[in-house]
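# Structural overview for review
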Amino acid sequence: MADLTGRGQRRAARYSAVALLRHGIGGGAWPRAWRTHEPKRSYQVVIVGGGVHGLATAYYLARNHGITDVAVLDKGYLGGGGSGRNTAIIRSNYLTPEGVRFYDRSLGMYERLAAELNYNVMFSRRGHLTLAHSDASLRTMRWRAEVNKLSGVDSDIADPDEVKRLVPFLDTSAGARYPILGALYHPPGGIIRHDAVVWGYARAADSLGVHLHQDTEVTGIDVVGGRVSGVRTNRGPIATGTVINCTAGWSTLVSALAGVRMPVQTFPLQAAVTEPVKPFLHTVVVSGTLHVYVSQTDRGELVFGASVDPFASYSTRGSLEFIEGLAGHVLELMPSLAQLRLLRQWAGLCDMTPDFAPIMGSTGVDGFLVDVGWGTYGFKAGPVAGEAMAECVATGRTPEIIAAFGLDRFEEGRLVAEKGAAAVGH
Amino acid sequence: MILLPCPWCGPRDAGEFGYVGEIGVRPDPEAATTEQWRDYLYFRQNVAGWTRERWYHRMGCRRYLAVQRHTLTNEVRSASQHAGQGDDS
């Protein structure tokens with residue numbers, strides 16, 4: 001039985017080579033990475049959703065603004081939603097200047113995250129190739145490259161020879177069903193260990209005094225006179241003046257508890273992983289035309305992602321037609337993978353917005369904020385989203401870096417138009 | 001794979017159909033306020049449970065149909081020929 005008082009549980013000790021050596025020789029259990037508590041009757045800030053966005057928001061509230069009376073509630077376990085189901089790709093080669101600036105800040109924060117959190121998040125900067133199979137997509141790549149360069153992001157067009165040099169296993173022959181005419185090459189892009197990001201933020205937030213409550217489902221949000229007064233949970237009511245909806249998949253339903261409507265439709269996105277093989281793929285390869293992206297993890301497995309399923313659903317079951325289509329597309333790109341076996345497939349829920357950009361900041365209800373609508377690109381934005389939401393709560397103002405992503409943009413017709421670079425094949 | 005019972009063609013593979021989305025009521029463009037237009041264009045119920053939606057049989061009879069589907073299980077309960085604007089009950 002876990003001790004729920006928080007007493008007698010040590011704060012996580014600092015990880016270091018010396019600590020590793022000491023534990024290796026001396027044995028004994030490592031201290032738990034974060035503590036468990038009974039929920040208090042009230043908190044200054046309640047965050048709904050214990051994924052990378054919710055945990056990062058809690059961490060930056062405590063670290064940047066000294067607000068530590070914070071609870072993160074999750075109806076399941078930490079990182080069990082989108083944070084544990086994405087394909088862990090990080091990049092900043094977006095199409096709109098506001099998108100590029102935003103994701104580039106996130107990428108920079110990810111690069112420094114291991115040192116900051118004292119947690120190995122295994123960031124692997126390995127380059128990101130977006131293949132062009134037609135003149136039209138090559139033109140869009142050039143456009144993206146120029147927007148990226150103007151914002152100081154390392155991004156350029158690679159010709160088929162350079163693509164072949166970077167990824168020898170790609171079929172770059174002119175006779176391919178979808179010949180490779182070039183690619184957008186983005187050297188700072190890469191992959192990261194997504195669970196480690198969740199655990200690192202959880203551990204760091206806990207050590208600053210944030211309470212993490214797993215298996216704690218929000219069943220209601222109390223609004224009195226247009227202002228949030230508390231949340232109801234399966235573990236009792238909690239009084240609070242500030243609630244942040246940091247959920248993915250469930251953002252419409254959580255917002256509805258506060259009476260806030262969302263321009264969101266939830267679609268599953270399926271992904272799959274192969275058996276591990278020796279390292280041979282050193283970049284992330286993306287094909288929008290073929291609706292697929294491929295990377296090789298540090299363990300040697302190939303991770304395949306795709307576009308969202310063709311119809312809205314909350315189901316996270318994998319489907320046979322998806323895996324058949326995916327395998328066919330992967331073999332179009334790399335025929336030599338034909339003998340490789342798939343280990344498993346899964347689905348995560350993506351909250352799609354009309355303009356493929358997130359919804360962040362205040363709503364019509366005082367004290368109810370959202371950090372939702374993250375579609376297929378939420379994981380790579382975790383650090384910057386957490387930092388911006390924390391600033392939003394602490395100062396009561398919307399930070400400039402997320403000013404374009406407000407809920408009011410739909411009423412005012414200021415959509416962001418990130419569709420061309422946010423994901424594959426939409 | 002889920003089967004969709006097309007009212008004209010019978011049960012067919014869902015891959016033959018195009019998903020159109022929730023069935024909503026289009027407000028009168030002359031009379032609608034900005035807020036009503038915003039709601040109609042962008043905001044969705046996004047129900048986790050039984051929902052009514054419009055599909056298009058693009059590889060079959062090329063007609064629109066209304067479907068009742070459970071969004072947590074993808075179970076389909078019925079499909080009707082009346083896929084107009086909120087007039088199909």
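These numbers were taken from a predicted model, which means no experiment stands behind them.

### Describing the sheet that holds strand β18 (residues 342–352) of chain A
Residue and element names in this part refer to chain A.
- Read across the sheet, eight strands follow the order β6-β7-β5-β15-β16-β17-β14-β18 without closing on themselves; strand pairing throughout is mixed. This sheet does not close on itself; its edge strands, each paired only once, are β6 (156–158) and β18. With strand direction ignored, the average angle separating the axes of adjacent strands in the sheet is 25°.
- Note: strand β5 (residues 128–132) against strand β15 (residues 284–287), four bridges, orientation parallel. Bridge assignment links leucine 129 to a residue of β15, and that residue is valine 285.
- Each of β5, β6 and β7 (182–186) is contacted by helix α5 (residues 135–150), which is oriented at about 25° to β7, the strand it contacts most.

### Considering the sheet that holds strand β4 (residues 124–125) of chain A
Residue and element names in this part refer to chain A.
- Here we have three strands laid out as an open sheet, ordered β3-β8-β4, and antiparallel in their pairing. Sheet topology places β3 (89–90) and β4 at the edges, where each strand pairs with a single neighbour.
- Both β4 and strand β8 (residues 190–191) contribute to a ladder of two bridges, which runs antiparallel. In the sheet register, serine 124 faces β8, and the bridge partner there is isoleucine 191.

### A few points about α5 of chain A
Residues and elements named next belong to chain A.
- The first and last C-alpha atoms of α5 sit 23 Å apart over 16 residues, in line with the 22 Å expected at 1.5 Å per residue.
- Of all the positions in α5, only Ser137, Met141, Arg144, Ala145 and Asn148 are classed as buried. Here the buried residues of α5 occupy an arc of 105° about the axis, which is enough to place them on one side. Of the exposed residues in α5, those oriented more than 90 degrees away from the buried face are Asp135, Ala136, Arg139 and Leu150.
- Just beyond α5, the residue with positive phi is glycine 152, at close to 80°.

### Here we look at the environment of tyrosine 40 of chain B
All names here are of chain B.
- By the element assignment, tyrosine 40 lies in helix α1 (residues 34–42).
- For tyrosine 40, a count of 14 C-beta atoms within 10 Å puts it in the partly exposed group.
- Considered as a pair, tyrosine 40 and threonine 51 are eleven residues apart in the sequence and their alpha carbons are 17 Å apart.
- Once residues within four sequence positions are removed from consideration, tyrosine 40 is found in contact with Gly24, Arg26 and Pro27.

### Examining the packing of helix α2 (residues 52–65) of chain A against helix α10 (residues 382–395) of chain A
Residues and elements named next belong to chain A.
- Close contact between α2 and α10 brings their axes to 7 Å; oriented N to C, the two are set at 55°. Judged by the angle between their axes, α2 and α10 are oblique. Both α2 and α10 take part in a crossing whose hand is right-handed. Residues Val52, His53, Ala56, Thr57, Tyr59, Tyr60, Leu61, Asn64 and His65 of α2 form the contact with α10, whose participating residues are Gly382, Pro383, Ala385, Gly386, Glu387, Met389, Ala390, Val393 and Ala394.

### Description of unusual backbone geometry
- At aspartate 215 of chain A, a position not held by glycine, the phi torsion is positive, near 55°.
- Even without glycine at this site, asparagine 74 of chain B takes up a positive phi of about 65°.
- With respect to the secondary-structure elements, asparagine 74 of chain B resides in the loop between β5 (64–70) and β6 (76–80).

Conventions adopted
Residues numbered from 1 in each chain as written. Chains lettered and ligands numbered in written order. Predicted model: local features only at pLDDT ≥ 70, side-chain atom pairs only at ≥ 80, totals over all residues. Pairing = 2+ DSSP bridges. Helix = DSSP H or I, 4+ residues; strand = E, 2+ residues; numbered from the N terminus. Axes fitted to C-alpha atoms, helices over the stretch in contact; angles between N-to-C directions. Contact = placed C-beta atoms within 7 Å. Expected span 1.5 Å × (residues − 1). Buried ≥ 20, exposed ≤ 12 C-beta atoms within 10 Å, placed from the backbone. Arc of directions from axis to C-beta. Parallel < 35°, antiparallel > 145°, perpendicular 65-115°, else oblique. Left-handed = near helix turned anticlockwise from the far one by under 90°.

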